[in-house]
Amino acid sequence: MASKKVASARTTQLVSTYGVGALFPALDESFMVLGLSEWPDQDGTEIAEPRLARALGVHGFRTPPNGGTKGPSVPVIRFPRWYSCPQCHRLDELQRFCSWDEHECPDCHSTLVPSRFVACCPRGHIEDFPYFAWVHAGQRDQQRPGDHRMRLRSSGGSSSLAAISVSCSCGVQDVSMAGSFDFDALQKLAPCRGQRPWLNGATDEDCSETLRTLQRGSSNVWFSSLRSALSIPPWSHTVQRLVDRHWKILRNAGDDSLPALVQDLALPGIDVDDLVAAVKARRSGEAAETPTEEDLRRDEYKALSAGQPDASVHQQFVVRPVRAQPETVEDFELVSEVARLREVRALDGFTRVKPHDPQEERDRRARLSLATADWLPAMEVLGEGIFLRFDPQRLAQWEKSDFARRRTAVVQQAEERRAKEWKLREVVVVRARELLLHTFAHVLLNELSLDAGYPVASLRERVYAADDQAGVLLYTASSDSAGSLGGLAAQSAPERIEGVITSAVRRASWCSSDPVCIEATSTGADGLNMAACHACVVLPETSCERQNVHLDRAALVGTLDDPSIGYFGGRLLA
């Protein structure tokens with residue numbers, strides 16, 4: 001089959017939105033991105049981030065190929081395989097209509113339309129909706145010998161599923177699509193066959209999950225599993241980036257020949273001894289234990305707290321403490337301007353129906369390639385932002401209050417119910433500081449988007465709420481240089497940040513859905529929020545790293561009856 005370009009997408013979308021196994025819409029056609037084994041060899045820019053690579057068990061990362069007029073592109077296949085004709089309503093597999101390239105009904109010469117429905121299971125398997133089984137279920141006795149020519153019609157009377165019907169020439173009664181989205185609609189009709197069409201040549205897997213009917217273009221057909229890490233010292237230094245560029249050669253070089261080898265690589269201002277030390281540090285790092293997500297976050301928190309002066313234009317991590325005003329110091333121990341930042345985001349799998357949860361008993365993430373790959377598709381984000389570290393003594397005092405404990409206990413009960421329903425191996429422990437820090441990050445992002453000029457969807461949070469951490473990083477999330485123009489970092493100036501914080505807290509003290517919102521005790525996905533809704537603190541999915549859960553506006557501003565019990569209650573009463 002000759003290859004041809006069928007659609008275009010940004011390289012970042014092939015990591016976050018249309019990655020391996022995802023359905024890609026292209027006008028009146030639909031395609032599925034194939035696995036990494038089918039991607040062009042050695043195409044795409046290499047991205048170095050040793051800490052994240054070790055955590056994911058790969059040698060490195062690459063950007064998806066950008067295609068272009070002559071360059072290789074990401075391979076795709078047609079999916080769904082079932083199509084219908086909008087004029088004669090015939091419903092059949094594409095191969096029975098025409099060839100792969102024709103995409104036209106042979107009877108009436110109309111452009112075919114891909115099936116509106118697909119069947120997916122939570123483990124990532126996907127197949128065509130079982131139209132034949134659906135229309136013939138319970139009607140075997142009514143069938144007549146024939147070729148079973150099926151048709152898909154819509155009455156046009158409404159947009160409901162009841163207005164869509166499937167018929168067959170064998171004489172069975174027409175069946176509407178009503179009820180096809182029920183949880184157990186396909187349980188006995190079509191058990192999951194473990195199909196993985198994105199992996200060329202893959203055999204079907206044994207699967208006990210229940211297939212769910214989904215709309216082809218719905219967001220729960222493909223949930224990406226993204227892992228990310230910040231480039232922090234020493235890995236963000238120029239010498240380390242130089243080592244990354246030539247790591248394939250330097251990795252196996254002997255200690256005796258290493259100085260002579262790096263001599264030719266040295267750049268002006270970089271000492272040979274520093275290069276040798278960087279190579280040895282990289283080797284020892286790869287030999288160390290695989291870092292966990294907690295390890296990555298702990299290192300980032302330490303680096304952000306320690307700061308890093310701007311010693312070179314080649315640095316990718318520049319953090320400068322700001323001399324904050326007295327009002328700010330009462331609530332925060334440290335305010336820093338993050339003038340330069342680099343983040344790497346890698347795709348390490350995907351799920352369907354519902355997103356991946358690290359606490360699940362079984363890892364549901366689908367494979368990206370049939371053979372084990374030593375690289376993953378990734379993208380790098382260059383940006384800038386603000387880092388705020390809460391005062392530990394004041395935070396500990398607020399955490400011990402009866403108000404903070406009561407609010408946390410309600411969310412903890414919701415987590416226990418969720419763990420029982422989802423059969424998670426562990427119950428997520430909810431901390432009062434997490435509710436506070438996460439909600440504060442949301443309200444401050446909303447405020448910064450107004451002052452800094454960035455849309456909130458292009459901003460992002462990183463919350464550090466472990467027992468020994470108490471900080472939030474708010475930064476731009478653009479994949480190009482426009483994300484590092486300085487507009488956000490400039491808001492950390494002492495004369496600005498105090499006004500931004502106060503304005504954000506006061507704005508959060510009232511929601512257009514109050515008093516319903518502030519008095520809510522179980523909101524959001526699985527009831528994992530308290531006082532939080534789309535009118536006040538819920539952010540776009542691109543901005544929140546925690547799926548908009550564990551939010552409580554009252555943790556910041558208290559209740560309508562007593563604002564003083566919130567962490568920032570004093571700012572409201574001043």
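Before any of the text, the structure's been laid out above.
A short tour of the structure in this document, coming up. (Residues numbered from 1 in each chain as written. Predicted model: local features only at pLDDT ≥ 70, side-chain atom pairs only at ≥ 80, totals over all residues. Heavy atoms only, no water.)

## Some thoughts on the pattern of salt bridges
Where we set the bar: We count a salt bridge whenever a side-chain nitrogen from Lys or Arg sits within 4 Å of a carboxyl oxygen from Asp or Glu. The secondary structure listing takes helices from DSSP runs of H or I that are at least 4 residues long and strands from runs of E that are at least 2 residues long, numbered from the N terminus. Accessibility here uses a 1.4 Å probe with only protein chains present; expressed as a share of the type maximum, an area under 20% marks a residue as buried, one over 50% as exposed, and anything in between as partly exposed.
The final tally for this structure, using the stated rule, is 40 salt bridges. Among the ionic pairs, Arg407 bridges to Asp552, the shortest N-O distance being 2.8 Å. On the criterion of sequence distance, the pair formed by Arg407 in helix H12 (residues 402-422) and Asp552 in the loop between helix H14 (494-508) and helix H15 (554-557) is long-range, its members being 145 residues apart. Residue Arg407 is classed as buried on the basis of its relative accessible area, which comes to 12%. On the basis of relative accessible area, Asp552 is assigned to the buried category, the value being 0%.

## Quick notes on the nonpolar core
Here is the rule we go by: Nonpolar cores are built from buried Ala, Val, Leu, Ile, Met, Phe, Trp, Tyr and Cys residues. Side-chain atoms within 4.5 Å join them into one set. In what follows, a contact means two residues having at least one pair of non-hydrogen atoms within 4.5 Å.
Counting residues in hydrophobic clusters, the biggest one holds 61 residues, and the most contacted among them are Phe390, Leu436, Leu437, Phe440, Leu444, Leu473 and Phe568. Considering each element in turn, this core owes the most residues, 10 residues, to helix H13 (residues 432-452). Setting aside anything within four residues of it in sequence, one finds Leu437 in contact with Phe390, Leu395, Val463, Tyr464, Ala465, Ala470, Gly471 and Val472. Within the second largest apolar cluster, 42 residues are counted, among which are Ala22, Trp39, Leu52 and Leu56.

## A few points about the sheet that holds strand S12 (residues 164-168)
We apply this condition: Strand pairing follows a simple DSSP-based rule, namely that at least 2 bridges must link the two strands.
Read from one edge of the open sheet, six strands run S8-S6-S7-S11-S12-S13, paired in antiparallel fashion. Edge positions in the open sheet fall to strand S8 (113-114) and strand S13 (175-176), since each of these has one partner strand only. Pairing geometry for strand S11 (residues 150-154) and S12, over five bridges, is antiparallel. Bridging across to S12, Arg151 finds its partner in Ser167.

## Notes on the sheet that holds strand S5 (residues 76-78)
To keep it simple, the criterion reads: In this analysis, axes come from line fits to C-alpha atoms, helices being fitted only over the stretch in contact, and the angle between any two N-to-C directions falls in the range 0 to 180 degrees.
With respect to topology, three strands assemble into an open sheet ordered S1-S2-S5, the strand pairing being antiparallel. Each of the sheet's edge strands pairs with one partner strand only, and the pair in question is strand S1 (23-26) and S5. With strand direction ignored, the average angle separating the axes of adjacent strands in the sheet is 35°. Looking at chain direction, S1 and strand S2 (residues 29-33) are connected through four bridges and run antiparallel.

## Notes on helix H11 (residues 392-399)
Spelled out, the test is: What the arc describes is the spread of directions from the helix axis to the C-beta atoms.
If you check which residues of H11 are buried, you get Leu395, Trp398 and Glu399. Relative to the axis of H11, the buried residues are bounded by an arc of 100° and lie together on one face. Seen from the open side of H11, the exposed residues pointing more than 90 degrees away from its buried face are Gln393 and Gln397. Where H11 is buried, its residues contact strand S18 (375-390), H12, H13 and H15.

## With respect to the packing of H13 against H14
Let me state the cut-off plainly: Working definition: roughly parallel below 35 degrees, roughly antiparallel above 145 degrees, roughly perpendicular at 65 to 115 degrees, and oblique for all remaining angles. For any helix crossing, the convention is left-handed if the near helix is rotated counterclockwise from the far helix by under a right angle, and right-handed if that rotation is clockwise. Three categories are distinguished: nonpolar for Ala, Val, Leu, Ile, Met, Phe, Trp, Tyr, Cys and Pro, charged for Asp, Glu, Lys and Arg, and polar for the others, with Gly belonging to the last.
H14 packs onto H13 with a crossing angle of 115° between their chain directions and a minimal axis gap of 9 Å. By the criterion of interaxial angle, the relationship of H13 to H14 is roughly perpendicular. Every pair of crossing elements has a handedness; the one defined by H13 and H14 is right-handed. Here Phe440, Val443, Leu444, Glu447, Leu448, Leu450 and Asp451 of H13 lie close against H14, whose contacting residues are Val500, Ile501, Ser503, Ala504, Arg507 and Ala508. The class makeup of the residues in the contact of H13 with H14 is nine nonpolar, one polar and three charged.

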